[in-house]
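Descriptive structure summary
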4 protein chains.
Amino acid sequence: MAIVLGEHQYGKAENRIVRIYRDSPRHEIHDVNVSTALRGAFDPAHLTGDQGAVLPTDTQKQTAYSYAKEKGLTSIEPYGLTLAAHFVDDVEPVTGARIEIEEYEWERAVVDGADHDHTFVRKGQEVRTAAITVEGVGSSQTSHVIGGFKDLVLLKTTGSEFHGFLEDSYTVLEPTSDRIMATSLVAKWRFVMDEVGDPAAFDWEGVYLGIKRTMVGVFASLHSLALQQTLYEMGKAVLEQYPFLAEIRMSAPNKHHFLYDLSPFGLTNENEVFNADDRPYGLIQASVVRDDASAAGSAWTIAGGFA
Amino acid sequence: MAIVLGEHQYGKAENRIVRIYRDSPRHEIHDVNVSTALRGAFDPAHLTGDQGAVLPTDTQKQTAYSYAKEKGLTSIEPYGLTLAAHFVDDVEPVTGARIEIEEYEWERAVVDGADHDHTFVRKGQEVRTAAITVEGVGSSQTSHVIGGFKDLVLLKTTGSEFHGFLEDSYTVLEPTSDRIMATSLVAKWRFVMDEVGDPAAFDWEGVYLGIKRTMVGVFASLHSLALQQTLYEMGKAVLEQYPFLAEIRMSAPNKHHFLYDLSPFGLTNENEVFNADDRPYGLIQASVVRDDASAAGSAWTIAGGFA
Amino acid sequence: MAIVLGEHQYGKAENRIVRIYRDSPRHEIHDVNVSTALRGAFDPAHLTGDQGAVLPTDTQKQTAYSYAKEKGLTSIEPYGLTLAAHFVDDVEPVTGARIEIEEYEWERAVVDGADHDHTFVRKGQEVRTAAITVEGVGSSQTSHVIGGFKDLVLLKTTGSEFHGFLEDSYTVLEPTSDRIMATSLVAKWRFVMDEVGDPAAFDWEGVYLGIKRTMVGVFASLHSLALQQTLYEMGKAVLEQYPFLAEIRMSAPNKHHFLYDLSPFGLTNENEVFNADDRPYGLIQASVVRDDASAAGSAWTIAGGFA
Amino acid sequence: MAIVLGEHQYGKAENRIVRIYRDSPRHEIHDVNVSTALRGAFDPAHLTGDQGAVLPTDTQKQTAYSYAKEKGLTSIEPYGLTLAAHFVDDVEPVTGARIEIEEYEWERAVVDGADHDHTFVRKGQEVRTAAITVEGVGSSQTSHVIGGFKDLVLLKTTGSEFHGFLEDSYTVLEPTSDRIMATSLVAKWRFVMDEVGDPAAFDWEGVYLGIKRTMVGVFASLHSLALQQTLYEMGKAVLEQYPFLAEIRMSAPNKHHFLYDLSPFGLTNENEVFNADDRPYGLIQASVVRDDASAAGSAWTIAGGFA
């Protein structure tokens, strides 16, 4: 019975890279948070402190910034793929690389009714995300791309019910046929890379906007019997729309808005005044998958199960 | 030499009230965070524990929620005025009330190209603020209203210089004639209530949007020699536009975007790749005032100087 | 090619339960944050909105609070086991339950040199964690317990080197033979439940304190050639000490303290003045395992890979 | 009626300075967050963009780090005084300087029962604070020092009542004669600098610990009829103990712990199970002052009322 080193990875987290394109007076901005992680034969670093196989996290940082200039940084998915492939292809001990990216959106300032050329207002809505994994070299190399967003806060003031649920001796909740439904949605979708084809030619921006539009549309339009149902229909609509997606995973806090009791003050509260509660909150997590989808492999894996 | 009770106030902070108007199928939402504070003859509560003059903070909460229905909650400034006046007018020991409010904006979900009737996406941009103070009763009652916002994140990729500054033996900074200028702006403006007139008839929404539009416009258009200059011109433009404003105060972190050194990699970085740094940050605070403005009185006071 | 529901779970997150024992004048406090998640045959809720198999998240909350009284809440691991087993055993559609708990430690206030009976100061150091998974019923039921902590912030001012690393064309980092090493450690250890035996009789408190003491001791005592080496030795020492642990996983940000350049001011900085940087930061993740350990099964699984 | 520049200040916020003393094998650590702000004749920077009188915020940063070596950084109050006086005395356009400091405490790691020489664990309890203001030069120079802390989380499980309060038509709260009382205390005390004498010789560390000990003692020992009463007695005890303090200001959220209703499950909850609620919360703010105290001048002022 031996005690041995298990799974491990290391990298530089949260490189806050801002890339400006200023080829014309109408500048473009890309504002991202890039985390790198390398996997490979780094056992000596752990077992004896020998760093001979360890490319410093500082070097990973330098590379991430440099690639924003060398290779460009427009859509986050191909930027991440290029960076991940570099580490696996060019750094000998590295057998796998995972790049996680957050992107913060800016909109142009409006001045005298027109979009300004070089001034921006941070949009502040959802954060776009990507997680890219590249493993192996040469013809056996595999690449996984997961797109997504977090912190998309949605709310509908009617069109949501919750009743007919299972009851036991701890059940005191009253059923309702009209409530506020609100969530701060996290969604992650896995691309089938064979269908995507050349990452440099794929319409990453259009697909992102299309997925978001579809999900918001279903959330709004579906008369909901439960947040579970809404999530499933949102995911299904996205997969139906985009055949190059293998699956979508969603995590949705049920941000409770409790009807405030105004009866002590002689008032009837007809779904008009609510308390937006903080904790606890319901948390619904669900995935929708294409049943013949390619295997996910390490696409979702955070090495060693680290959260 | 005696030790005595000094300034004091108490209240209920961060009531998360959501008010829905559903008189027609096209619902409206107002999502606010209301904090109340009462000032008055509460010395016995401190000195002996006698609560006879203390209206519980729970009661203040109930009132804030109930008023959202009874009196309505559309613009935050008149809602706050009504609530503050109630505490001062109707609760005998109360001589002053301060109501602070944050408002979170939602935009309508777009479904099939049209704004949805009852589904909203949290906008996520700046948070609108208000601080209302009412003091005294009857004809000697005074009211102060401060409007404002926080967390408006602005950035311009050019049109900003910084040079010609004072140098001493600790100065190592290099001057620059082209840098990124970015801030997360806090602004607060004080209304001259005599000019505002009837709060129920005043265009609070239009004025708020106008102030924000003007400030963004100046930030974008002014070729800046320093963040100080930009702030002053933003404030001046707002006061010129709205004669019913007595003053405006701004607090602006200089969110540093440092040009990343790519020269070790044989690259020239022509203001294209930046590191968005976290800390430390410059912090510029300035006010612009009308020199004949009415006295601020307790408008800005956080009782006892509590921050 | 069909689109189908994939993995899913739901529950009530962040129930902030405070349990006071007041059987004697010397009160005890247990302050926890409990999240429940149920897995099972909830497909109809997603596919048609039928809630017949869904025990409301509100009911899960009521149960968590009630169990703090009915079953008691002292050590978080057996509390979580009891709660998880209840959902699986007593709620028909539930096939698996996962309970995640955070515990916030309080120490007794010291008054006149003595510990006070009923007044406490929040300790503010690391947060203790547990993740309990129970699956299946009757003789085929399996239980997994993961203990741990997060936010244990450690720093050593010497006794840490970093050199001899791999270099490529993006490497500019200088080697060092004396630096500050600091981290905010996350650790999670998996118990072999057969070795633990009766959860009601096991010394959960003593083991927790022993693991923490061992890890801090190794961090302090080991002359470190890399954070990787320190982590491995910390994990190994814990497994050597406690044979009932199958594995330990650690996630350790390298909280960089950069030597501040004082040379422009004619000063030599001999590892005396540092800038504590925020981002980016190195992130080292590693596990140490017993090579004959029982299978982890679903112990680490966050259903559907949801983070 | 002219529009003019009002109050203004500028500086570098949140310099995260870590100062190690390593004169012997037993190292010492001082971990602080320093913010500087300068006031003076900076009008041209605002009005025309002329920076000739503006010492860059970068220079302020360099000075803060350099002074940690040059002048030393042990107690935060004299460090802040020295830094503030430098800006006022040595930088011509500066007429006032305000230095705000937070300090994070570390305790020595315990290894084999003994305190370790160079390894520390972040204590995580309250954050110590200081705000130093120096104005004017030569014989007319005045200095103000405010010490304090924030985030000291205290809780007592009994010995706290709340009843006999004022009631109106919005009052639904029930009185109680036994409740949990908890707060996250902010306290700030103003030193009478004439009484302090030479800052280099004053026992800043002993006084800080004494104030904290006294406040915790009163919180624990006083049978409380209201948080107001507890605050007043805490402040009074501190002023009685230390004649060189002119006043103390406290801000105390009433962190509500609501008794959980277990009656639906046939259980009696005898102050054993509580829900620790997030928002809203009561907020009590009070000051205790020596009635013949020297004038506070600009000690509490955040220039221009900026929060």
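The following refers to the structure shown. (Residues numbered from 1 in each chain as written. Chains lettered and ligands numbered in written order. Predicted model: local features only at pLDDT ≥ 70, side-chain atom pairs only at ≥ 80, totals over all residues. Heavy atoms only, no water.)

1. Some details on the pairing of strand β4 (residues 94-104) of chain A
Residue and element names in this part refer to chain A. Of all the 11 residues making up β4, eight are buried; the element is thus mostly covered by neighbouring parts of the structure. Pairing analysis gives 10 bridges linking strand β3 (residues 28-40) to β4, with the strands arranged antiparallel. Of the residues in β4, the one forming a bridge with V34 is I101. (Buried < 20%, exposed > 50% of the residue type's maximum accessible area, 1.4 Å probe, protein only. Helix = DSSP H or I, 4+ residues; strand = E, 2+ residues; numbered from the N terminus. Pairing = 2+ DSSP bridges.)

2. Some words on the interface of chain C and chain D
Many authors give the size of an interface as the accessible area that is lost as the parts come together. Counting from both sides, the interface comprises 55 residues of chain C and, opposite them, 55 residues of chain D. Buried area between chain C and chain D, summed over both chains or domains, comes out near 4,900 Å², and the portion from carbon and sulfur atoms is 58%. The tally of links from chain C across to chain D stands at four salt bridges. Here K69(C) makes a salt bridge to E272(D), at a shortest N to O gap of 2.7 Å. Our enumeration of links across chain C and chain D arrives at 30 residue pairs in polar contact (both at pLDDT 80 or more). (Contact = heavy atoms within 4.5 Å. Buried area = accessible area lost by both parts, 1.4 Å probe. Salt bridge = Lys/Arg side-chain N within 4 Å of Asp/Glu carboxyl O. Polar contact = N/O pair within 3.5 Å; in protein donor to acceptor, adjacent residues only side chain to side chain.)

3. Some points on the packing of aromatic side chains
Using the criterion set out here, one finds 56 aromatic pairs over all chains in the structure. Between F149(A) and W189(A), the aromatic rings sit 5.7 Å apart at their centres with planes inclined by 70°, giving edge-to-face as the arrangement. Of this pair, F149(A) sits in strand β8 (residues 142-156) while W189(A) sits in strand β9 (residues 181-191), placing them 40 residues apart in sequence. Note on F149(A): relative accessible area 1%, which makes it buried. Consider the rings of Y170(A) and Y67(C), whose centres lie 6.1 Å apart with planes at 65°: the pair is edge-to-face. You can see Y170(A) sitting in the loop between β8 and β9 and its partner Y67(C) sitting in helix α2 (residues 57-70), one on each of two chains. The two residues Y170(A) and Y67(C) agree in class, both being buried. By way of ring pairs, the aromatic residues F191(A), F202(A), W204(A), Y242(A) and F244(A) are connected into one cluster. Stacked on the ring of Y21(C), the Lys or Arg R19(C) has its end atom at 3.9 Å from the ring centre. Between R128(C) and the ring centre of Y208(C), over which it is positioned, the NZ or CZ distance is 4.5 Å. (Phe/Tyr/Trp six-rings, centres within 6.5 Å; stacked < 30°, edge-to-face > 60°. Lys NZ or Arg CZ within 6 Å of the ring centre and 35° of its normal.)

4. Some points on the interface of chain D and chain B
Between chain D and chain B, the residue contacts involve 81 residues of the former and 81 residues of the latter. If you look at where chain D meets chain B, you find two salt bridges. The salt bridge partner of R279(D) is E14(B), with a shortest N-O separation of 2.8 Å. Linking chain D with chain B are 34 residue pairs in polar contact (both at pLDDT 80 or more). For the side of chain D that touches chain B, the elements supplying multiple residues, two or more each, are β1 (3-13), β2 (15-21), α1 (43-47), α2 (57-70), α6 (227-241), β10 (245-254) and β13 (281-290) of chain D. One ladder, built from nine bridges, connects strand β1 (residues 3-13) of chain B with β13(D); its direction is antiparallel. Within the sheet, the bridge partner assigned to A13(B) lies in β13(D) and is Y281(D).

5. As for the relation of the copies chain C and chain D
Mapping chain C onto chain D leaves a residual RMSD of 0.0 Å; the transformation is a rotation of 180° accompanied by 0.0 Å of translation along its axis. This pairing of chains is accounted for by a two-fold axis. Taking C-alpha positions as the reference, the residue of chain C nearest the rotation axis is G124(C), at 2.2 Å. The fraction of interface residues of chain C whose copies in chain D are also interface residues reaches 100%, indicating that both copies meet through the same surface. (Least-squares fit on C-alpha atoms with pLDDT ≥ 70 in both.)

6. Digging into the packing of α2(C) against helix α3 (residues 76-90) of chain C
Residue and element names in this part refer to chain C. It is the contact of α2 with α3, at a shortest axis distance of 11 Å, that shows an interaxial angle of 135°. Compared by their axis directions, α2 and α3 come out oblique. Judged by the twist between their axes, the crossing of α2 over α3 is right-handed. Packed against α2, whose contacting residues are Q60, T63, A64, Y67 and A68, the element α3 presents Y79, T82, L83, H86 and F87 at the interface. Of the residues that constitute the contact of α2 with α3, the class distribution is six nonpolar, four polar and no charged. (Axes fitted to C-alpha atoms, helices over the stretch in contact; angles between N-to-C directions. Parallel < 35°, antiparallel > 145°, perpendicular 65-115°, else oblique. Left-handed = near helix turned anticlockwise from the far one by under 90°. Nonpolar A, V, L, I, M, F, W, Y, C, P; charged D, E, K, R; others polar.)

7. Structural notes on the relation of the copies chain D and chain B
Once chain D has been moved 0.0 Å along the axis and rotated by 180°, it coincides with chain B to within an RMSD of 0.0 Å. Here 100% of the interface residues in chain D have copies in chain B that are interface residues too; the copies meet face to matching face.

8. Side note on helix α6 (residues 227-241) of chain B
All names here are of chain B. For α6, with 15 residues, the first-to-last C-alpha span of 21 Å sits near the 21 Å given by 1.5 Å per residue. Most of α6 is tucked away, with 11 of its 15 residues classed as buried. By the burial criterion, the buried members of α6 are L227, Q228, Q229, T230, L231, Y232, M234, G235, A237, V238 and L239. (Expected span 1.5 Å × (residues − 1).)

9. With respect to the pattern of salt bridges
Throughout the structure, instances matching the rule amount to 75 salt bridges over all chains. Residue R16(A) pairs with D31(A) through a salt bridge whose shortest N-O separation is 2.7 Å. Taken together, the residues span a long stretch of sequence, with R16(A) in strand β2 (residues 15-21) and D31(A) in strand β3 at a distance of 15 residues. Judged by relative accessible area, which is 2%, D31(A) ranks as buried. Its salt-bridge partner being R279(B), residue D278(C) comes within 2.8 Å of it at the nearest N-O pair. Of the two residues, D278(C) sits in the loop between β12 (273-276) and β13 (281-290) while R279(B) sits in the loop between β12 (273-276) and β13 (281-290), which places them in two different chains. The exposure class of D278(C) is partly exposed, given its relative accessible area of 25%.

10. Regarding the nonpolar core
Residues I17(A), F191(A), M215(A), I17(C), F191(C) and M215(C) are the most contacted members of the largest nonpolar core, which totals 149 residues. Excluding anything up to four places from it in sequence, F191(C) contacts V145(C), G147(C), V196(C), F202(C), W204(C), V207(C), F244(C) and L245(C). In this structure, F265(A), M215(B), V94(D) and V238(D) belong to the second largest nonpolar core, which totals 146 residues. (Core = buried A, V, L, I, M, F, W, Y, C linked by side-chain atoms within 4.5 Å.)

11. Considering empty space enclosed by the protein
All names here are of chain C. Scanning the entire structure with this criterion turns up two cavities of 30 Å³ or more. By volume, the second largest cavity is sized at about 30 Å³. In terms of lining, the second largest cavity is formed by E77, R128, W189, F191, W204, V207, Y208 and I211. Mapped onto the lining of the second largest cavity, the elements with two or more residues apiece are β9 (181-191) and α5 (204-221). In terms of residues, the lining of the second largest cavity owes the most to one element, α5, which gives four residues. (1 Å grid on protein atoms, 1.4 Å probe; cavity = no way out; pocket = protein on both sides within 12 Å on 5 of 7 lines; lining within 4 Å. Points joined across faces, edges and corners; volume = space filled by probe spheres on them.)

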